[in-house]
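These are the residues of each chain, in order.
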Amino acid sequence: MDEVSRQALIKQYEAILNKILTMAQEPVYFEKAITVKIQQKDFDGAKACCALYEKTYPRSERPYIFSIKLYASVKERTQLTEKLEKLKALPSILSNEALQLIRYWDIGDKKHV
C-alpha cells in the first residue's frame with residue numbers, strides 16, 4: 001500500500017472514530033482516537049480528545065495515562081507534571097502501567113521532556 005492510500009485510510013478511520021465518540025463515549029474509542037491523533041501529529045485534536053476523556057471519566061486513571069503520553073510526545077513538561085500529580089491523587093489503586101509512568105517521570109529519566 002502506498003503512502004497516499006495509507007493516509008487516506010487513516011483519515012477515514014479517524015473520521016469514523018470521531019463519529020463513534022459522538023454516539024458512544026467508551027474508553028476504548030477515546031484511546032484509539034487519541035493514539036491516531038498523536039500518530040498523525042494532530043496534537044491539538046489529541047489534547048481536545050484527552051480533555052473530553054478526562055471530563056467523561058474523571059475517576060479513571062486511563063485519561064491521565066493518555067494525557068501523560070501525549071504531553072511526553074510534544075515535550076510539554078508543565079502539563080505532563082500536572083497530569084502526573086492528578087494521576088497520583090486519584091482515590092483508587094493504580095495499575096502497574098500507571099505506577100511505572102509515575103516512577104519513570106518522578107525519579108527516572110527526565111531529560112526527554
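Residues numbered from 1 in each chain as written. Predicted model: local features only at pLDDT ≥ 70, side-chain atom pairs only at ≥ 80, totals over all residues. Heavy atoms only, no water.

Comments concerning unusual backbone geometry
- At Lys41, a position not held by glycine, the phi torsion is positive, near 65°.
- Along the polypeptide, Lys41 turns up in the loop between helix H2 (27–39) and helix H3 (43–56).
- For Lys41, a relative accessible area of 61% gives the class exposed.
- A positive phi angle is found at Lys75, which is not glycine, with a value near 55°.
- Mapped onto the fold, Lys75 is located in the loop between helix H4 (62–73) and helix H5 (77–88).
- Taking the relative accessible area as the measure of exposure, Lys75 reaches 55% and is therefore exposed. (Helix = DSSP H or I, 4+ residues; strand = E, 2+ residues; numbered from the N terminus. Buried < 20%, exposed > 50% of the residue type's maximum accessible area, 1.4 Å probe, protein only.)

Remarks on the side chain of Lys83
- The topology assignment puts Lys83 in helix H5.
- We classify Lys83 as buried; its relative accessible area is 10%.
- Aside from chain neighbours lying at most four places away, what touches Lys83 is Glu54, Tyr64, Ser67, Ile68 and Tyr71. (Contact = heavy atoms within 4.5 Å.)

Remarks on the packing of aromatic side chains
- All told, the structure shown has 4 aromatic pairs when counted by the stated rule.
- Judged by centre distance (5.9 Å) and plane angle (80°), the rings of Tyr53 and Tyr57 are edge-to-face.
- Classification of Tyr53 as buried rests on a relative accessible area of 0%.
- The class for Tyr57 is partly exposed, based on a relative accessible area of 25%.
- Ring plane angle 90° and centroid distance 4.9 Å describe the contact between Tyr104 and Trp105, whose orientation is recorded as edge-to-face.
- Its relative accessible area of 5% is what places Trp105 among the buried residues.
- An aromatic cluster of at least three residues, connected via ring pairs, comprises Phe30, Tyr53 and Tyr57.
- The ring centre of Phe66 lies 5.2 Å from the NZ or CZ of Lys69, which sits over that ring. (Phe/Tyr/Trp six-rings, centres within 6.5 Å; stacked < 30°, edge-to-face > 60°. Lys NZ or Arg CZ within 6 Å of the ring centre and 35° of its normal.)

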